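Residues per chain are reported as follows:
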Amino acid sequence: NANAQIAFVHPKKDLEKKLDKLKNVVLVLLEESVGEVPSFLQSHLEGKDVPVLKASQVEEISLFINSWLSERKPKLYGLVLAGGKSTRMKRDKATLDYHGKPQQEYMFELLEGVCDKVYLSCRDEAQSVEAPQDCILDTFIGLGPYGGILSAFMYEPNVAWLVVAVDLPFLDKATIDNLVEHRNPSKVATCFIDPKNEFPEPLISIWEPRAYPKMLDFLSRGHSCPRKVLINTDTEVITDRDIRALTNINTPEELEEVLKAMQA
């Protein structure tokens, strides 16, 4: 909540003059020389159970803030980006079978384990009719994955979206759990560093609600690359990851190699 406040009591700061601005205090911090909460602040906060800590109690402050954020973090919805045209593959990557079922179904079930709801990102009505899962149609046309993510936010702007590309044959539960465990709702997004340790990976990532206006702003300036957004905003980047799980496939040759590796 952007309106939540931490009141810092310091002998050189006249907090009493700012009481009218203290409308939603969730924590009181005392400078070391201050022994107790001043009477004027006690009266102002009467009836409210507001914790009090010394400014030097860094660990306790951190625990409080993390707990407070955790209790208020937006719900997590899942989005499987299945709307690509698979031009290089010459076959629909969403329907390829690596795990005994269409890949979009496998990914959908993978996200169901950690998300409140899951949707397929579909490019048009025809694709959505054929899909057995719930779909979100692209309302931002011709923008690829960027359009899929924006369309999801347009559908539900107040949740975080765990976004995965459909062309990740080795993506597994451990990798998804790793991403969710390290989710930082105070950032624009949480993602992995790519397999080459060069850039944040946008298509296995959690996009928080605050990402939506930023993505629209980038789009208004002519940019429709989700990686560019991650590079230029406050993003939580995870470096400890399974590189193989982040590897995507785009061509028939890569598909053949993956199928051989899975059968070995």
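Residues numbered from 1 in each chain as written. Predicted model: local features only at pLDDT ≥ 70, side-chain atom pairs only at ≥ 80, totals over all residues. Heavy atoms only, no water.

W161, L162, V164 and W207 are the most contacted members of the largest nonpolar core, which has 53 residues in total. Within the second largest apolar cluster, 13 residues are counted, among which are L30, V37, L41 and V50. (Core = buried A, V, L, I, M, F, W, Y, C linked by side-chain atoms within 4.5 Å. Buried < 20%, exposed > 50% of the residue type's maximum accessible area, 1.4 Å probe, protein only.)

On inspection of all chains with the given rule, the structure shows 10 salt bridges. Notably, a salt bridge pairs K187 with E236, separated by 3.3 Å at the nearest N-O pair. Placement of K187 in the loop between α6 (173–181) and β8 (189–193) and of E236 in strand β10 (residues 235–238) is noted, with a sequence separation of 49 residues between them. For E236, a relative accessible area of 24% puts it in the partly exposed group. The partner of D217 in a salt bridge is R221, with the nearest N and O atoms 2.7 Å apart. Linked by salt bridges that have partners in common, K187, D234 and E236 make up one network. (Salt bridge = Lys/Arg side-chain N within 4 Å of Asp/Glu carboxyl O. Helix = DSSP H or I, 4+ residues; strand = E, 2+ residues; numbered from the N terminus.)

It is worth spelling out the sheet that holds strand β4 (residues 76–81) at this point. Read across the open sheet, the seven strands follow the order β6-β5-β4-β7-β9-β8-β10; overall the sheet is mixed. Where the open sheet ends on each side, the last strands, each with one partner, are β6 (135–137) and β10. When strand polarity is set aside, the average angle formed by the axes of neighbouring strands in this sheet is 30°. Sheet analysis places β8 next to β10, joined by four bridges and oriented parallel. Considered in β10, the bridge of T190 is made with E236. (Pairing = 2+ DSSP bridges. Axes fitted to C-alpha atoms, helices over the stretch in contact; angles between N-to-C directions.)

Strand order in the open sheet made by the three strands is β1-β2-β3, with parallel pairing throughout. The open sheet is flanked by β1 (5–9) and β3 (52–54), the only strands paired with a single partner. Within the sheet, the average angular offset between the axes of one strand and its neighbour, ignoring direction, is 25°. Where β1 lies against strand β2 (residues 25–30), five bridges are found, and the strand directions are parallel. Directly across from A7, in β2, lies its bridge partner V28. Lying on the sheet, helix α2 (residues 58–72) is in contact with β1, β2 and β3; it crosses β2 at an angle near 175°. (Contact = heavy atoms within 4.5 Å.)

Below, the discussion takes up the side chain of D194. Of note, D194 is situated in the loop between β8 and β9 (200–207). The buried charged residue D194 lacks any salt bridge partner; its closest oppositely charged side chain belongs to R227, at an N-O distance of 4.6 Å. At 2.8 Å, the side chain of D194 forms a polar contact with the backbone nitrogen of E198. Discounting residues that sit within four places of it in the chain, D194 has contacts with F199, E201, R227 and R241. (Lys, Arg positive; Asp, Glu negative; His and termini not counted. Polar contact = N/O pair within 3.5 Å; in protein donor to acceptor, adjacent residues only side chain to side chain.)

Counting across every chain of the model gives five aromatic pairs. Aromatic pair Y77 and Y119: ring centres 6.2 Å apart, planes at 40°, arrangement tilted. Note that Y77 is positioned in strand β4 and Y119 in strand β5 (residues 117–122), a separation of 42 residues in sequence. A relative accessible area of 8% places Y77 in the buried class. Judged by relative accessible area, which is 7%, Y119 ranks as buried. Seen in terms of ring centroids, F153 and Y212 are 5.3 Å apart; in terms of plane orientation they differ by 15°. Their pairing is stacked. Here F153 is found in helix α5 (residues 145–155), whereas its partner Y212 is found in helix α7 (residues 211–220), with 59 residues between them in sequence. Classification of F153 as buried rests on a relative accessible area of 0%. What links up through ring pairs into an aromatic cluster is the set Y77, Y119, Y155 and W161. (Phe/Tyr/Trp six-rings, centres within 6.5 Å; stacked < 30°, edge-to-face > 60°.)

Among the structural elements, Q263 can be located in helix α9 (residues 252–263). In the structure, Q263 is positioned 120 residues away from L143 in sequence and 35 Å away in space, judged by C-alpha atoms.

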